[in-house]
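Chain and residue survey
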Amino acid sequence: MNLGVIQLKKKWFRSLFKKHTSGLFIIPSVVLLGIFFFFITLDNVNTKTYDITRFSTAKETIRSPITIEDEKETERKTRETVQSVSDRYLVSDEVTKERISFAEEIREAIHTLHEEGKEVTDNKPMTGQEKVQKLNQLLSEDISVSVKDQTFLQLIEASKEDREKGFTLLIQALRETLNDGVRTENLQTAIANVQDKIKYSTLNDNIKKPLTELTKFLVVENSFFDVEQTMEARKEAAGSVDPVMIRAGEVIVREGQTITNQIYENLELVGVLDSQRNIFPLLGMLLLIVLISLVIGFEMYRMNKDNNLDNNKIITIVIVTVIGIALMKIVSLYTEEYNEIFYIVPIATSALLLKLLINERMAFVMAIIYAILAGFIFNGKITGYLNAEAGLYILISQVAGLYFLMNVKDRTAILKSGLGIMVVNTMTVLLFIFLSFEKYSIQDLFIQLGFAMFAAFLSAVLTIGLLPFFEAGLNMLSDVKLLQLSNPNQPLLKKLLTEAPGTYHHSVMVANLSETACEAIGANGLLARVGAYYHDIGKTVKPHYFVENQLSIQNPHDFISPKQSAEIIIRHPYDGANYLKKYKMPKEIIDIALQHHGTSLLKYFYFKEKEKNNHVKELDFRYPGPKPQTKEAAIINICDSVEAAVRSLKEPTEEKIEDIITSIIHDRMSDGQLDESPLTLKELKIIQQTLFDTLKGIFHSRIQYPKEEEK
């Protein structure tokens with residue numbers, strides 16, 4: 001092998017080593033992002049403190065950074081509520097029944113006195129005094145002692161009809177009054193109420209007077225203070241008092257207002273005085289950022305493990321993230337109370353760029369992270385408050401962008417995605433408005449919808465505008481750029497078509513096979529197609545030394561040694577890589593051109609040389625490599641050989657095609673060419689079946705029309 005090939009081999013091995021060092025670049029990039037997140041959100045969780053004295057004038061409006069209970073105010077409110085609870089009294093049914101029974105006993109005793117005819121003694125009429133004495137003998141001691149004899153005499157002398165009406169009214173009034181409860185402080189009022197009912201009744205005056213006197217005896221206290229019920233009522237009242245809360249964002253004092261004792265105590269309570277700095281919110285935010293950084297680091301590590309990460313991709317993730325978070329922070333600076341200006345943030349730009357330049361999984365993970373940070377960035381600098389509405393809007397907008405950005409054929413696909421984002425943003429804003437208890441004017445409604453639609457439009461425009469900078473500045477590969485590179489008018493493809501038409505046709509066939517196989521296993525079919533277009537561009541250096549370009553000419557390998565032939569053929573992947581680098585093609589395309597033969601052996605020239613020289617070194621007839629590192633490169637490695645082998649068949653049949661595909665894949669595996677690629681045995685089986693189905697369709701049986709002579 002000549003010195004040039006050895007130098008190329010060393011150069012590309014250094015490039016491969018550089019690629020694997022991207023894993024070491026993950027940690028500093030994640031740390032850098034974590035530091036950026038911390039300082040961006042610092043003023044959103046750091047409680048601002050003030051140097052304030054009592055009875056001074058507030059220089060600015062101060063809001064509570066936290067939600068906290070004002071225990072002193074809660075205690076005062078509870079005390080007032082308990083004091084307002086009236087004492088509880090228990091009405092004694094026994095006393096009520098007793099007093100009513102006394103009234104009925106008097107009535108019955110007088111009735112008995114008249115019925116038994118005891119108005120005569122020793123055939124002489126009884127005097128009034130004798131009647132009263134007889135009555136006292138019939139009555140219980142409590143009654144006879146308490147009621148005056150004059151009252152009894154008046155009741156005895158009243159007519160039976162008046163007496164019955166009077167006692168009926170008295171007992172009814174007595175029952176109503178006693179059932180309502182009579183306490184010491186309202187005893188006289190209760191007696192007066194019963195007396196009034198008697199006074200304003202239709203009874204005769206001769207019965208009203210004794211009944212009125214009797215009321216003073218019958219109406220007594222029957223409602224007594226109940227300690228247990230009173231304490232229970234006060235306890236229940238105290239429990240019904242809601243805690244007095246100072247809510248996060250609530251105005252404690254407005255600009256120009258005097259700092260009273262109450263205001264000063266509230267400021268002290270929420271911890272905004274200089275002597276009350278609190279580092280716990282900062283520690284909480286730091287913990288969140290550590291978790292976020294670990295997630296980002298894990299995703300980068302997973303990509304690196306699958307050989308899908310390089311330094312340029314890491315830089316892209318960092319730059320896109322910084323742009324997205326910075327846009328949110330800038331908008332938050334103009335956010336005031338009760339305005340939803342966060343609707344205007346074109347955060348979908350970050351999701352679209354990450355999907356186009358990295359992959360959809362990374363874009364979705366970062367979308368969630370941006371949404372979480374948005375909740376803090378748009379919290380109005382209120383410590384402990386998370387703006388869930390802003391976070392949800394930011395997440396939905398990005399997910400909409402990822403969903404609608406499909407089947408990218410050109411940059412207009414990004415504009416179509418922008419229209420989808422616009423619809424989703426509008427629906428999200430309407431959702432928030434309809435779920436809100438606040439009333440919005442038509443003007444506010446149109447302003448918010450305008451913000452959302454403008455954000456979607458700006459997201460698409462920024463994506464289209466920023467994409468070329470990443471593609472050119474970091475040599476990043478997107479679907480849009482791949483579609484541009486697949487244009488036949490590309491200078492290198494025109495060069496391949498004009499200088500090596502056979503190779504061009506071969507590349508197109510390999511591209512078709514590779515794309516189909518990649519899509520069957522979930523790999524990047526578009527990358528495989530475009531990589532296949534350029535994988536043999538190095539053959540344009542000496543096109544006639546490759547059999548597909550040898551039309552009507554003698555094979556030049558017949559005039560040189562097998563070793564020289566091998567050196568010419570072995571150079572074409574590296575010549576192609578140089579061409580691609582010269583034209584500043586993406587690294588993925590260069591890697592495919594470099595790896596599409598791996599370290600495989602040129603068997604034809606090796607065995608031809610071995611016929612003359614038994615001491616020939618196999619290494620001299622092997623490609624320097626590297627072996628395929630990605631699924632796309634490995635599939636092109638297989639399809640390149642399969643297409644050439646099947647094309648060489650004079651009468652291709654299904655059995656021959658299947659045998660060739662199987663033997664080539666087994667040869668690649670046994671030779672170790674697929675050892676460094678992430679392809680699995682299951683995927684290789686799918687690739688084998690897919691290639692067979694595709695080639696079977698291309699080389700299907702045709703009707704053999706007879707020639708004129710045969711007819």
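Residues numbered from 1 in each chain as written. Predicted model: local features only at pLDDT ≥ 70, side-chain atom pairs only at ≥ 80, totals over all residues. Heavy atoms only, no water.

**A few points about the overall build of the protein chain**
The condition is simple: Segments assigned H or I by DSSP are reported as helices when at least four residues long, segments assigned E as strands when at least two residues long, and all are numbered from the N terminus. Radius of gyration: over C-alpha atoms. The globule rule applied is 2.2 Å multiplied by the number of residues raised to the 0.38 power. Burial status follows relative accessibility: with a 1.4 Å probe on protein chains alone, a residue under 20% of its type maximum counts as buried, one over 50% as exposed, and anything between as partly exposed. The contact definition used throughout considers only heavy atoms, calling two residues in contact when any of these lie within 4.5 Å. All accessible-area figures derive from a Shrake-Rupley calculation using a 1.4 Å probe, and residue coverage is judged against the displayed protein chains alone. In this charge count, Lys and Arg are treated as positive and Asp and Glu as negative; neither His nor the chain ends contribute. Note that the charge is assigned to NZ on lysines, CZ on arginines, CG on aspartates and CD on glutamates.
Per the secondary structure count, the protein chain includes 29 helices and 8 strands. In terms of overall dimensions, the protein chain is more spread out than a globule: its C-alpha atoms have a radius of gyration of 51 Å, far above the 27 Å expected for 711 residues. Overall size of the protein chain, expressed as C-alpha extent along the three principal axes, is 180 × 80 × 50 Å. Sorting the 711 residues of the protein chain into buried and exposed places 47% on the buried side. Residue pairs in contact within the protein chain that sit at least 24 positions apart in sequence constitute 79% of those at least 6 positions apart. Summing over all exposed atoms, the protein chain offers an accessible surface of approximately 37300 Å²; the carbon and sulfur share of this is 56%. Computed over 79 positive and 89 negative side-chain charges, the separation of the two mean positions in the protein chain equals 12 Å.

**Side note on the packing of helix α24 (residues 562-582) against helix α26 (residues 603-612)**
Applied cut-off: Axis lines are fitted to C-alpha atoms, over the contacting stretch for helices. Their N-to-C directions set the angle, which ranges from 0 to 180 degrees. Should an angle fall under 35 degrees it is taken as roughly parallel, and over 145 as roughly antiparallel, whereas 65 to 115 is taken as roughly perpendicular and any remaining angle as oblique. Helix crossings are classified by the rotation of the near helix relative to the far one: an anticlockwise turn of less than a right angle makes the crossing left-handed, while a clockwise turn makes it right-handed. Put simply, Ala, Val, Leu, Ile, Met, Phe, Trp, Tyr, Cys and Pro go in the nonpolar bin, Asp, Glu, Lys and Arg in the charged bin, and everything else, Gly too, in the polar bin.
Two numbers describe how α24 lies on α26: the axes approach to 9 Å, and their chain directions differ by 160°. On the basis of their axis angle, the class for α24 and α26 is roughly antiparallel. In the packing of α24 onto α26, the handedness of the crossing is left-handed. Contact with α24, carried on its side by Pro562, Lys563, Ser565 and Ile569, involves Phe605, Lys608, Glu609 and Lys612 of α26 and no other residues of that element. Grouping the constituent residues of the contact of α24 with α26 by class yields 3 nonpolar, 1 polar and 4 charged.

**Details of the nonpolar core**
So the rule is basically this: Definition used in this section: a nonpolar core is a set of buried Ala, Val, Leu, Ile, Met, Phe, Trp, Tyr and Cys residues joined via side-chain atoms within 4.5 Å.
With 70 residues, the main nonpolar core has Ile296, Met300, Met328, Phe378 and Tyr393 as its most contacted residues. Setting aside residues up to four positions removed in sequence, Met328 forms contacts with Val345, Ile347, Tyr370, Ala374, Ile377, Phe378 and Ile394. Within the second largest apolar cluster, 63 residues are counted, among which are Leu594, Phe605, Ile664 and Phe692.

**Here we look at the environment of Ser293**
Along the polypeptide, Ser293 turns up in helix α13 (residues 280-305). Remark: the alpha-carbon pair of Ser293 and Leu386, spanning 93 residues in sequence, is separated by 20 Å. What Ser293 contacts, discounting residues up to four positions off in sequence, is Val30 and Gly34.

**Describing the packing of aromatic side chains**
Rule in force here: Here is the rule: rings of Phe, Tyr and Trp (six-membered ring for Trp) pair when centre to centre is within 6.5 Å. Planes less than 30 degrees apart are stacked, more than 60 are edge-to-face, and the remainder are tilted.
For the coordinates displayed, the defined rule picks out 12 aromatic pairs. Ring plane angle 20° and centroid distance 5.6 Å describe the contact between Phe102 and Phe217, whose orientation is recorded as stacked. Residue Phe102 is found in helix α4 (residues 93-115), and its partner Phe217 is found in helix α10 (residues 205-218); the two are separated by 115 residues along the sequence. The two residues Phe102 and Phe217 agree in class, both being buried.

**Describing a negative patch on the surface**
Formally: Within the patch definition used here, like charges are joined within 9 Å and nonpolar side chains (Val, Leu, Ile, Met, Phe, Trp, Tyr) within 5 Å, considering only residues with over 30% relative accessible area and no salt bridge. We define a salt bridge as a side-chain nitrogen of Lys or Arg found within 4 Å of a carboxyl oxygen belonging to Asp or Glu.
Together, Glu654, Glu655, Glu658 and Asp659 make up a region of like negative charge exposed at the surface. Tracing the sequence through the fold places Asp659 in helix α28 (residues 654-670). Owing to a relative accessible area of 52%, Asp659 belongs among the exposed residues under this scheme.

**Thoughts on the pattern of salt bridges**
Applying the stated rule across the entire model yields 25 salt bridges. Of the charged contacts in the structure, one is a salt bridge between Lys208 and Asp205, with a shortest N-O distance of 4.0 Å. Residue Lys208 and its partner Asp205 are both found in helix α10; the two are separated by 3 residues, about one turn of the helix. We classify Lys208 as buried; its relative accessible area is 15%. One salt bridge in this structure joins Arg622 and Asp671, with 2.9 Å as the shortest N-O distance. Highlighted residues: Arg622 in the loop between α26 and α27 (631-647) and Asp671 in the loop between α28 and α29 (681-698), separated in sequence by 49 residues. A relative accessible area of 16% means that Arg622 is categorised as buried. By relative accessible area, which is 26% here, Asp671 ends up partly exposed.

**Describing unusual backbone geometry**
In the segment running from Gly625 into Pro626, the intervening peptide bond is cis, with an omega of 5°. Relative to the elements of secondary structure, Pro626 occurs in the loop between α26 and α27. Positive phi values are uncommon outside glycine, yet Phe55 reaches one of about 65°. Along the chain, Phe55 turns up in the loop between α2 (22-45) and β1 (62-63). For Phe55, a relative accessible area of 57% corresponds to the exposed category. Not every positive phi belongs to a glycine, and Lys584 is a case in point at roughly 55°. Considering the arrangement of structural elements, one finds Lys584 in the loop between α24 and α25 (587-595). Owing to a relative accessible area of 70%, Lys584 belongs among the exposed residues under this scheme.

**Thoughts on the packing of helix α14 (residues 311-332) against helix α16 (residues 360-377)**
Interaxial distance between α14 and α16 falls to 11 Å at its minimum, and their mutual angle equals 25°. Relative to α16, α14 is oriented roughly parallel. Pair α14 / α16 crosses with right-handed handedness. Counting all contacts with α14, which are made through Ile317, Val320, Thr321, Ile325, Met328, Lys329 and Ser332, the residues of α16 involved are Met362, Met366, Tyr370, Leu373, Ala374 and Ile377. The class makeup of the residues in the contact of α14 with α16 is 10 nonpolar, 2 polar and 1 charged.

**Thoughts on the side chain of Asn387**
Just so we agree on the cut-off: Between N or O atoms, a polar contact is any pair within 3.5 Å; within protein, one atom must be a potential hydrogen donor and the other a potential acceptor, and residues adjacent in sequence are included only when both atoms are from side chains.
Position of Asn387 relative to the elements: it lies in the loop between α16 and α17 (388-404). Assessed through its relative accessible area of 12%, Asn387 is described here as buried. A polar contact is formed between the side chain of Asn387 and the backbone nitrogen of Glu389, at a distance of 3.3 Å. A polar side-chain atom of Asn387 sits 3.1 Å from the main-chain amide nitrogen of Ala390. When near neighbours in sequence (up to four residues on either side) are disregarded, Asn387 contacts Phe342, Gly375, Phe378 and Asn379.

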